[in-house]
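# Summary of the model geometry
Each chain, written out:
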Amino acid sequence: MKIRIIQFLIILGVCLTLFASKPAVAQEADLVVSLSSMSDVNQKFFPALQKIDPQSATLVQIFMAPGKFVPMGMDSTLPVGYVVQSGTPMPGTCVFIPASNYAILASWFDKTQSDGAFPQAEITQSGKYGIIADPNFEGDPDPAVLDGLASKYLLGVDVKVDAWADFVTGLVASQGTASAEDLAKLKEGLEDIDRIQFGLNIDEKGDFTLSGFFSAKPGTKSAGLLEKAAKSKSLLSGFYNPDAAVAFQYVGAMDPAVAEQFANQKGAAGVEMGATASAIVEAFLNAPYVDMAGSVFVDGNGSLSFIAGGQVANGKDIVDVIAQAIEDGEIEGELNVDKVGKSISIHEVTSPDGTTMAIATHSKFVFIALGQEDPVATLKAAIIDTQKAKMPKNPSRFVCDMEKFNPMFPDLGLSGKIQGAQVVKGTVVNNRVVFSNAAVASLVKIGKMMSGMMGAGGAEGMDMFEEDEDFEF
């Protein structure tokens, strides 16, 4: 496993010069990537990886030894960084490498460049840093630009999104597949966004945390959607079961452009998804705002079941589509088999593959349950629970309990949790996802199993899911 963190940052910053033909416009850094220090990598990343996969940890440490993929003469206590200035036709780039001995670092660079790795690049010294900049980079590179990210994250990324509007739009336009209208919408959307920042941290337990924020410019369309989302409340907390294998809840503002795009492709999507599924999706997309929640369960035999609910534009439209599908013989089912109060009707349908599900409709909501012995009773109970639940403000969250999937993968010994949350304040969206060390190890086990199955017989290896009763979906 060749993980080349430092060399990747260097090569990424320099290789763009191969294609450069014009200098970038002088401006502040529009993209910054920072690694807090190699010392932090040694003290935090490697111990965490050792718990997850000792063999991989040993290999990575070997490859990360100085003189191999980590530059000789580098100071392990200071941040390493990569900075980009937006510009056309290509950006200007710069890499900051802290130097404990600049002469040794420069010698390492000269040797690497003589091997053809760094065409057109030069290394210069600035304080405690060796700086490798391409000809497009204008101004005096300042390592201080790394301080903000390096103090917050082990590995951090900060992007001034609006600064990239022209470059990204031009890149998409060069592919020749986007219409002028689509390109205009893309550019407008990018110009609405002020900044995206995110990063990775690892604590003393070896747990991984991804966190960051997204901010929109005040007065823009995106800012208006976020301000609306910040005030939203959920009516569906009863469908979020923290004891499920997976549970999610999301509240936010709906962008009408998404519904418009789906409507434009409705014909193809309707054929592919089926009329009922297409109608449900369209009803969700046309709702005044997003309010959805659901939970996935795994029983002792490894079988999945699911409950979910969400706000829709008009629940009656879904009833009409279900009724038409039953009349046309596309599905079997019965309408109005049960009710919750006076305003919610529950319908039971069976798809052509024999899957029975319950669909409940309200003028503003739709609810679904499938995979249970009695989906109607299950759905009715969930709706009653959500009617009793509190209405938290802005409660976007999710949880995944890896241990609950052991009946599906009985030989892997899965454990650990993944938990995330999102909070909107004004025009800023804050996100945080925590992967316990055990959860990451579980994901690695599943990845290795899947890789082994594919390696054993390509697509044929995946037939094991159909042939082995232990893998019942």
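Residues numbered from 1 in each chain as written. Predicted model: local features only at pLDDT ≥ 70, side-chain atom pairs only at ≥ 80, totals over all residues. Heavy atoms only, no water.

### Here's the deal with the packing of helix α6 (residues 165–173) against helix α7 (residues 180–192)
Spelled out, the test is: Between the N-to-C directions of two axes lies an angle of 0 to 180 degrees, each axis being a line fitted to C-alpha atoms and, for a helix, fitted only over the stretch in contact. Strands here are runs of E lasting at least two residues and helices are runs of H or I lasting at least four, both read from the DSSP assignment and numbered beginning at the N terminus. We call two directions roughly parallel when the angle between them is under 35 degrees, roughly antiparallel when it is over 145, roughly perpendicular when it lies between 65 and 115, and oblique otherwise. Each helix crossing is assigned a hand: it is left-handed if the near helix lies turned anticlockwise from the far helix by less than a right angle, otherwise right-handed if that turn is clockwise. Whether two residues are in contact is decided by their heavy atoms: any pair within 4.5 Å suffices. When residues are grouped by polarity, Ala, Val, Leu, Ile, Met, Phe, Trp, Tyr, Cys and Pro land in nonpolar, Asp, Glu, Lys and Arg in charged, and all others, Gly among them, in polar.
One way to put it is that α6 packs onto α7 with a least axis distance of 9 Å and a crossing angle of 155°. By the angle between their axes, α6 is roughly antiparallel relative to α7. Of the two elements, α6 crosses α7, and the hand of that crossing is right-handed. Mapping the contact onto sequence places Ala 165, Asp 166, Val 168, Thr 169, Val 172 and Ala 173 in α6 and Leu 183, Leu 186, Lys 187, Leu 190 and Glu 191 in α7. For the contact of α6 with α7, the class distribution of residues is seven nonpolar, one polar and three charged.

### Let's talk about the packing of aromatic side chains
This is how the line gets drawn: Aromatic pairing here means that ring centres of Phe, Tyr or Trp (its six-membered ring) are within 6.5 Å. Orientation follows from the plane angle: under 30 degrees is stacked, over 60 is edge-to-face, and everything else is tilted. Relative accessibility thresholds used throughout: buried, under 20% of the residue-type maximum; exposed, over 50%; partly exposed, between the two (1.4 Å probe, protein chains only). In this scheme, the term charge over a ring applies when either NZ of a lysine or CZ of an arginine sits within 6 Å of the ring centre and within 35 degrees of the ring normal.
Taken as a whole, this structure holds five aromatic pairs when the rule is applied. Relative to Tyr 129, the ring of Phe 96 lies with its centre 6.3 Å away and its plane at 90°, an arrangement referred to as edge-to-face. Highlighted residues: Phe 96 in strand β3 (residues 92–98) and Tyr 129 in strand β5 (residues 129–133), separated in sequence by 33 residues. Here Phe 96 matches Tyr 129 in class, with each residue buried. Seen in terms of ring centroids, Trp 164 and Phe 167 are 5.6 Å apart; in terms of plane orientation they differ by 75°. Their pairing is edge-to-face. The residues Trp 164 and Phe 167 share a single accessibility class, namely buried. Three or more aromatic residues link up through ring pairs in this structure, and these residues are Phe 239, Phe 365 and Phe 367. Taking the ring centre of Tyr 240 as reference, the NZ or CZ of Arg 397 above it sits at 3.9 Å.

### Some words on the nonpolar core
Formally: What we call a nonpolar core is a set of buried Ala, Val, Leu, Ile, Met, Phe, Trp, Tyr and Cys residues that are connected through their side-chain atoms within 4.5 Å.
Core analysis: the biggest nonpolar cluster contains 40 residues, and Leu 31, Met 38, Val 41, Phe 45 and Ile 132 have the highest contact counts within it. For this core, the element with the highest residue contribution is helix α2 (residues 38–52), accounting for seven residues. Within the second largest apolar cluster, 16 residues are counted, among which are Ala 293, Ala 360, Phe 365 and Ala 369.

### Describing the pairing of strand β12 (residues 332–340)
Two faces belong to every sheet, and in a regular strand the side chains alternate between them. Under the convention used in this document: When DSSP finds at least two bridges between two strands, those strands are taken to pair.
Across six bridges, the pairing between β12 and strand β13 (residues 344–350) is antiparallel. Within β13, the position partnered with Asp 338 by the bridge is Ile 346. Connecting β12 to the next strand, β13, in antiparallel fashion are three residues, including Gly 341 with a positive phi near 65°.

### A closer look at the confidence of the model for the chain
Note the threshold: Per residue, pLDDT measures the predictor's confidence, with a range of 0 to 100.
On average, residues of the chain score 83 in pLDDT, and 84% of them are at 70 or above. Mean pLDDT values over the elements of the chain span from 38, in helix α1 (residues 5–15), up to 96, in strand β6 (residues 155–159). Taken as a whole, residues 1–27 scores under 50 in pLDDT and shows 73 contacts with residues more than four places along the chain or in a different chain.

### Quick notes on the side chain of Asp 401
Filter applied, for reference: Here a polar contact means two N or O atoms within 3.5 Å. Within protein one must be a hydrogen donor candidate and the other an acceptor candidate, and residues neighboring in sequence count only if both atoms are side-chain atoms.
When you line up the elements, Asp 401 lands in strand β16 (residues 397–401). Look at Asp 401 and you get buried, because its relative accessible area is 10%. A polar contact is formed between the side chain of Asp 401 and the backbone nitrogen of Glu 403, at a distance of 3.2 Å.

### Considerations on the environment of Glu 282
Relative to the helices and strands, Glu 282 resides in helix α11 (residues 275–285). Its relative accessible area of 21% is what places Glu 282 among the partly exposed residues.

### Some remarks on unusual backbone geometry
Despite not being glycine, Asn 336 shows a phi value in the positive range, around 55°. Counting through the fold element by element, Asn 336 comes out in strand β12.

### Describing the side chain of Ser 56
With respect to the element layout, Ser 56 can be found in helix α3 (residues 54–63). One polar contact links Ser 56 to Asp 53, side chain to side chain, over a distance of 3.0 Å.

### As for the pattern of salt bridges
Formally: In the sections that follow, a salt bridge refers to a side-chain nitrogen of Lys or Arg positioned within 4 Å of a carboxyl oxygen of Asp or Glu.
Within this structure, the stated rule accounts for 10 salt bridges. Residue Asp 53 is joined to Lys 448 by a salt bridge in which the shortest nitrogen-to-oxygen separation is 2.7 Å. With a gap of 395 residues between them, Asp 53 in the loop between α2 and α3 and Lys 448 in helix α14 (residues 437–457) connect regions that are remote in the sequence. Here Asp 53 falls in the buried class, since its relative accessible area comes to 9%. Linking Glu 181 and Lys 185 is a salt bridge whose minimum nitrogen-to-oxygen distance equals 3.5 Å. On the criterion of helical spacing, the pair formed by Glu 181 and Lys 185 is a turn pair, its members being four residues apart in helix α7.

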